[in-house]
There are 4 protein chains.
Amino acid sequence: MMISVIIAGFKGKMGSTALEMVKGDSELRLVALLDPFAKEKEYDGVPVFTNKEDLQGLAADVWVDFTTPQVAYDNTRFALENGFAPVVGTTGFTQEQIKDLQDLSVRKELGGLIAPNFAIGAILLMEFAAKASKYFPDLEIIELHHDKKKDAPSGTAVKTAELIRQIRQPKQQGAADESETLAGARGAEFSGFRIHSVRLPGLVAHQEVIFGAAGEGLTLRHDSYDRSSFMSGVNLGIKEVVKRDRMVYGLEHLL
Amino acid sequence: MMISVIIAGFKGKMGSTALEMVKGDSELRLVALLDPFAKEKEYDGVPVFTNKEDLQGLAADVWVDFTTPQVAYDNTRFALENGFAPVVGTTGFTQEQIKDLQDLSVRKELGGLIAPNFAIGAILLMEFAAKASKYFPDLEIIELHHDKKKDAPSGTAVKTAELIRQIRQPKQQGAADESETLAGARGAEFSGFRIHSVRLPGLVAHQEVIFGAAGEGLTLRHDSYDRSSFMSGVNLGIKEVVKRDRMVYGLEHLL
Amino acid sequence: MMISVIIAGFKGKMGSTALEMVKGDSELRLVALLDPFAKEKEYDGVPVFTNKEDLQGLAADVWVDFTTPQVAYDNTRFALENGFAPVVGTTGFTQEQIKDLQDLSVRKELGGLIAPNFAIGAILLMEFAAKASKYFPDLEIIELHHDKKKDAPSGTAVKTAELIRQIRQPKQQGAADESETLAGARGAEFSGFRIHSVRLPGLVAHQEVIFGAAGEGLTLRHDSYDRSSFMSGVNLGIKEVVKRDRMVYGLEHLL
Amino acid sequence: MMISVIIAGFKGKMGSTALEMVKGDSELRLVALLDPFAKEKEYDGVPVFTNKEDLQGLAADVWVDFTTPQVAYDNTRFALENGFAPVVGTTGFTQEQIKDLQDLSVRKELGGLIAPNFAIGAILLMEFAAKASKYFPDLEIIELHHDKKKDAPSGTAVKTAELIRQIRQPKQQGAADESETLAGARGAEFSGFRIHSVRLPGLVAHQEVIFGAAGEGLTLRHDSYDRSSFMSGVNLGIKEVVKRDRMVYGLEHLL
């Protein structure tokens, strides 16, 4: 049984990458494309629309949405009301909007996913790091990015650190009397452990969590090179939402 | 509440390392030591025995066993019958013996652990690798050991590969028409993926599982330097078995 | 003093990347472009030619050549005869042609470079690995590439191994009685050491040389992500050939 | 031709490790041992002395010295005057003392080595890092040590940074407007680049220098696990000083 897919926002960067991904998967079938900026009437045999109302009554399983914060909420409501399970990568939903859409999905008995991050690898890294910190409370995070990045540490590093903090037994690491002969050498402190940010040309987005214990070490590393890395998460989302009967927030709930 | 501990086989390498670990943990209290080769009557204030029968009636919570295959089964039965939750690192149990001891533990409502491997880091690595292979079916294993090691790949690498095979969707990796200009370059094949064994002086025991997908990579690595790395697993075992009411085989069931 | 540069083959992939690099360096000035497939008469204010003879008499310091094996020899002769120091990335020269061009460069007292590989990082890695092998004869090479690559090991790995063989004292590594329980686990043998080839989606071109000795290890790794990595070598070539009075073969002779 | 060796300070940690190394090398022959704390008259067939004057007139090629700052200068003078090429690992020499001993070695036409660091791997890493920084001015240093270490960054990291500073074209790395949301994340600044210090149990002494450029990366890493790692440097020193006719300061001058 193939899964039939609509893509909203297919002219954007993420939307067009999703389009290629769907076309390349023999288990998925593209049935409609939506984008207010589209000029064409069809694309590679698939009908193109500029107005979502024209999609009412269409037979489709999943609504992939990479649009804008302005329309994403209305789009997702529309999808649910028309029986399309939504897979939404657009950001900017409020807590209330998410609750509202989840309630609607329950009434409609439709699966769905709103995800701020579709990189399965990054999500697995966080999950593994949090679990490992239960047994190895001594750890440091090293995140490495291109040298145009302005903020340090990265948002992913902070989120990883927060997840670890929920699991790890509190502990102040390092020698009690350690000192820096060059300020900053020991990195940023977060809840008793350290975060280090490396910035170099040629790098994209990378993160390592290093755990140490008597006589052993455990290192978890994720490397992200480009946008295509998000597509395995979108693909997984499409295939999972059709099996579910309520919407979730966060790809980790489908892993 | 402190946990009171007996150590059987305390004159051996693992047993004496366990002795130091228990003494160094303020939540544990050593109440008796057993070893047929012991000459002393007490060790650091703790009574020493050469015959397990002399321990009947002792008030203790946990029986740590690093003895020999010949006596481990009898020791573990003895522990269960006397109300001591066993934590056993001795190897060589048959399937029947394990089942037998588990049944006894259920009747006695006692927790217990028999573990062929106490390295928490190695066990976490296997568990994480198996889970990641569900989402990233393209992977290779690189294991690195000292250059005195005779067999390749390592037992841990093969066990990791077997766990991955149970989870990963079958797939033949690599280019369909790839070829080796030097035989063996692509490593050993295992169920469609590859295992590589590095042997160098200075190394101890290390393993990497590398996953690749469009635009991203995930690397999991465990480094084991010496015997002390097993003690965090023994410590965890002691603290977990007292909360349980049946024996398990494999530390992974307590993680 | 700015260095004035001609680029031959500027419509190709490497040539057009070189064009961007030259334009982006304030120490270099583009004075002419050559390509038989060019339609335009000028590009961003720089005159465009389709025939090399039209460049005779031009005032320029360096001739960058990313053309085809068919014309590269004639182009390089032409450059030397007209006083342009050549920096040539085109491949396919015979030993005789190289000798011939070097002799001409000596007579003309002009620097020049023909380089099969412009990746400074890859060249440094080879040089460092060869030097380290003098002191650490125990080593293994791991090269990692995308999973479309057909041959294993990579050409760079073999070249690295050859350079190491010239320096390293011969030695058969590993335990004398080691054996493989899965064929190929220990990788390809090359002169007593081992080469391992990893192939995974998401990877581009990477190489590690790992050295081991009693109590220590040394690891050298090069990561190559895209064509832009060659441009630092072309840039270096341009700036070095103007200081020299004979052509060299191989970027390593300018490092 | 075997090289005959005297070891001064053979009862100390380094001296006794050197003793084992010399005994294990078939190209070296131990002819005398010296230590004021020695009680024995001979060790494994080799005569033992407590007073250096008793060694006058002995036929020996090399004097290995792992003694104390108080006696090392006198010992080294004594060695040179008696025709023994010194290989000295004792620290604490003044600049004047070193010059003095070098002058004496020239008059005696004897090779010699005073080395604050015998770890060949660490020295190669510094040398390679300095050379690479000529072509890749964007770099960061990550050093990793056990969590009992009190100072950060490590002395080796600072020395590596100083060597790099002598070669690398000055440059302020990172985004001009980068900022830390957690203080210290970007590490310690040193001459426009960054140094990060990781401290974890299980680690010993490790250092990575990571270089980045458009489309590529180069990583150099040294791992030091124990004292035995110094012995390859002592071994090299012994075999090199017998070929030389003047003393050098620093093992790098013999590589």
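Residues numbered from 1 in each chain as written. Chains lettered and ligands numbered in written order. Predicted model: local features only at pLDDT ≥ 70, side-chain atom pairs only at ≥ 80, totals over all residues. Heavy atoms only, no water.

### Comments concerning the interface of chain C and chain B
Right, on to step 1. Listed per partner, the contact involves 44 residues of chain C and 44 residues of chain B.
Right, on to step 2. Surface buried jointly by chain C and chain B totals about 3100 Å² across both partners, of which 61% is contributed by carbon and sulfur atoms.
Right, on to step 3. Considering only the surface of chain C that becomes buried against chain B, Lys150, Leu182 and Leu200 of chain C emerge as the three largest contributors, covering 17% of it.
Right, on to step 4. Summed over the shared surface of chain C and chain B, the number is 2 salt bridges.
Right, on to step 5. Linking chain C to chain B there are 18 residue pairs in polar contact (both at pLDDT 80 or more).
Right, on to step 6. Those elements that place two or more of their residues in the side of chain C that touches chain B are β8 (139–145), β9 (151–152), β10 (179–180), β11 (188–190), β12 (193–199) and β13 (205–213) of chain C.
Right, on to step 7. Broken down by element, the side of chain C that touches chain B gets its largest block of residues, 5 residues, from β12 of chain C.
Right, on to step 8. Along the lines of polarity and charge, the residues of the side of chain C that touches chain B split into 19 nonpolar, 11 polar and 14 charged.
Right, on to step 9. Examined bridge by bridge, strand β9 (residues 151–152) of chain B and β10 of chain C share 2 bridges and lie parallel to one another. (Contact = heavy atoms within 4.5 Å. Buried area = accessible area lost by both parts, 1.4 Å probe. Salt bridge = Lys/Arg side-chain N within 4 Å of Asp/Glu carboxyl O. Polar contact = N/O pair within 3.5 Å; in protein donor to acceptor, adjacent residues only side chain to side chain. Helix = DSSP H or I, 4+ residues; strand = E, 2+ residues; numbered from the N terminus. Nonpolar A, V, L, I, M, F, W, Y, C, P; charged D, E, K, R; others polar. Pairing = 2+ DSSP bridges.)

### Focus: the environment of asparagine 82 of chain B
Residue and element names in this part refer to chain B.
Right, on to step 1. Within the fold, asparagine 82 resides in the loop between α2 (69–81) and β6 (85–88).
Right, on to step 2. Asparagine 82 sits 27 residues away from leucine 55 along the chain, and the two C-alpha atoms are 8.8 Å apart.
Right, on to step 3. Every residue in contact with asparagine 82, bar those within four places of it in the chain, is listed here: Gln56 and Gly57.

### Some remarks on the relation of the copies chain D and chain A
Right, on to step 1. The two copies are related by a screw motion: chain D maps onto chain A through a turn of 179 degrees and a shift of 0.0 Å along the axis, at an RMSD of 0.2 Å. Such a combination of turn and shift is consistent with a two-fold rotation axis. The rotation axis passes nearest to the C-alpha of glycine 184 of chain D in chain D, at a distance of 2.0 Å.
Right, on to step 2. Taken together, the interface assignments show that 100% of the residues at the interface of chain D recur at the interface of chain A, consistent with an identical surface on both copies. (Least-squares fit on C-alpha atoms with pLDDT ≥ 70 in both.)

### Looking at unusual backbone geometry
Right, on to step 1. Residue proline 153 of chain A is bonded to the preceding alanine 152 of chain A through a cis peptide linkage, with omega at -5 degrees.
Right, on to step 2. Within the element layout of this structure, proline 153 of chain A appears in the loop between β9 (151–152) and α5 (155–167).
Right, on to step 3. Residues other than glycine seldom take positive phi values, yet glutamate 109 of chain D does so here, at roughly 55 degrees.
Right, on to step 4. Examined against the element boundaries, glutamate 109 of chain D turns out to sit in the loop between α3 (95–108) and β7 (112–114).

### As for the packing of aromatic side chains
Right, on to step 1. As enumerated under the stated definition, the model contains 27 aromatic pairs over all chains in all.
Right, on to step 2. Connected via pairs of aromatic rings, a cluster forms that spans Trp63, Phe78 and Phe84 of chain A. (Phe/Tyr/Trp six-rings, centres within 6.5 Å; stacked < 30°, edge-to-face > 60°.)

### Quick look at the UniProt feature "binding site: NADP(+)" (unreviewed entry) in chain A
All names here are of chain A.
Right, on to step 1. Per the UniProt entry, the sites bearing "binding site: NADP(+)" (unreviewed entry) are Lys41 in this numbering.
Right, on to step 2. The residue lysine 41 is located in the loop between β2 (28–34) and β3 (42–43) in this model.
Right, on to step 3. Classification of lysine 41 as exposed rests on a relative accessible area of 72%.
Right, on to step 4. Every residue in contact with lysine 41, bar those within four places of it in the chain, is listed here: Val46, Pro47 and Val48. (UniProt positions renumbered as here; feature names shortened; annotations may be inferred. Buried < 20%, exposed > 50% of the residue type's maximum accessible area, 1.4 Å probe, protein only.)

### Focus: the packing of helix α4 (residues 120–135) of chain A against helix α4 (residues 120–135) of chain B
Right, on to step 1. Relative to each other, α4 of chain A and α4 of chain B sit at 160 degrees, their axes nearing to 11 Å. By the criterion of interaxial angle, the relationship of α4 of chain A to α4 of chain B is roughly antiparallel. Relative to α4 of chain B, α4 of chain A is oriented so that their crossing is right-handed. Taking contact as the criterion, the partners of Ile120, Leu124, Glu127, Phe128, Lys131, Ala132 and Tyr135 of chain A in α4 of chain A are, on α4 of chain B, Ile120, Leu124, Glu127, Phe128, Lys131, Ala132 and Tyr135 of chain B.
Right, on to step 2. By residue class, the composition of the contact of α4 of chain A with α4 of chain B is 10 nonpolar, no polar and 4 charged. (Axes fitted to C-alpha atoms, helices over the stretch in contact; angles between N-to-C directions. Parallel < 35°, antiparallel > 145°, perpendicular 65-115°, else oblique. Left-handed = near helix turned anticlockwise from the far one by under 90°.)

### Points about helix α4 (residues 120–135) of chain C
Right, on to step 1. Spanning 16 residues, α4 of chain C covers 23 Å between terminal C-alpha atoms, matching the ideal 22 Å at 1.5 Å per step.
Right, on to step 2. Counting buried positions along α4 of chain C gives 13 out of 16 residues, so the element sits mostly inside the fold. (Expected span 1.5 Å × (residues − 1).)

### Remarks on the domain arrangement of chain A
Right, on to step 1. By the assigned domains, chain A splits into domain 1 (3–114 + 228–254) and domain 2 (120–224).
Right, on to step 2. Here the C-alpha centroids of domain 1 of chain A and domain 2 of chain A sit 34 Å apart. (Domains from an automatic or database assignment.)

### Observations concerning the sheet that holds β6 of chain B
Residues and elements named next belong to chain B.
Right, on to step 1. Sheet architecture is open: 8 strands sit in the order β3-β4-β2-β1-β5-β6-β7-β15, paired in mixed fashion. Of all strands in the sheet, those with a lone pairing partner are β3 (42–43) and β15 (247–249), marking the two edges.
Right, on to step 2. In the packing of helix α1 (residues 13–23) onto the sheet, contacts are made with β1 (3–8), β2 (28–34) and β3, and the angle to β2 comes to roughly 150 degrees.

### Quick notes on the interface of chain D and chain A
Right, on to step 1. Across the contact, 43 residues belong to chain D and 44 residues belong to chain A.
Right, on to step 2. Buried area between chain D and chain A, summed over both chains or domains, comes out near 3100 Å², and the portion from carbon and sulfur atoms is 62%.
Right, on to step 3. Sorting the residues of chain D by area buried against chain A places Lys150, Leu182 and Leu200 of chain D first, and these three jointly supply 17% of that buried surface.
Right, on to step 4. Across the contact surface, chain D and chain A share 2 salt bridges.
Right, on to step 5. When the shortest N-O distance is used, the salt bridge between aspartate 177 of chain D and lysine 150 of chain A registers 3.2 Å.
Right, on to step 6. If you look at where chain D meets chain A, you find 18 residue pairs in polar contact (both at pLDDT 80 or more).
Right, on to step 7. Of the residues belonging to the side of chain D that touches chain A, the class tally is 18 nonpolar, 11 polar and 14 charged.

### Some details on the packing of helix α2 (residues 69–81) of chain A against helix α3 (residues 95–108) of chain A
All names here are of chain A.
Right, on to step 1. Closest axis-to-axis distance for the α2/α3 pair is 10 Å, and the angle between their directions is 10 degrees. Judged by the inter-axis angle, α2 sits roughly parallel to α3. For the pair α2 and α3, the contacting residues are Tyr73, Thr76, Arg77, Leu80 and Glu81 in the first and Gln97, Asp100, Leu101, Leu104, Ser105 and Lys108 in the second.
Right, on to step 2. By residue class, the composition of the contact of α2 with α3 is 4 nonpolar, 3 polar and 4 charged.

### Quick word on the pairing of β2 of chain B
Residues and elements named next belong to chain B.
Right, on to step 1. Here β2 lies mainly inside the structure; 6 of its 7 residues are buried.
Right, on to step 2. Bridge count for β1 against β2 is 6 bridges, and the pairing is parallel. By the bridge assignment for β2, valine 5 is matched with leucine 30.
Right, on to step 3. Considered for its hand, the β-α-β crossover made up of β1, α1 and β2 is right-handed.
Right, on to step 4. Note that β2 and strand β4 (residues 46–49) share 2 bridges and pair parallel. Residue pairing in the sheet places leucine 33 in a bridge with valine 48 of β4. (Right-handed = clockwise from strand over helix to strand, strands pointing away.)

### A look at the pattern of salt bridges
Right, on to step 1. According to the stated counting rule, one finds 84 salt bridges over all chains in the structure shown.
Right, on to step 2. Aspartate 103 of chain A is the partner of lysine 99 of chain A in a salt bridge, and the nearest nitrogen-oxygen pair spans 2.8 Å. Of this pair, lysine 99 of chain A and aspartate 103 of chain A both sit in helix α3, 4 residues apart, roughly one helical turn.
Right, on to step 3. Judged by its relative accessible area of 49%, lysine 99 of chain A is partly exposed.
Right, on to step 4. Judged by its relative accessible area of 32%, aspartate 103 of chain A is partly exposed.
Right, on to step 5. Note that glutamate 53 of chain C is salt-bridged to lysine 52 of chain C, the shortest N-O span being 3.7 Å.
Right, on to step 6. Given the relative accessible area of 19%, lysine 52 of chain C is considered buried.
Right, on to step 7. The network of salt bridges with common partners includes Glu140, Glu178, Arg186 and Arg194 of chain A.

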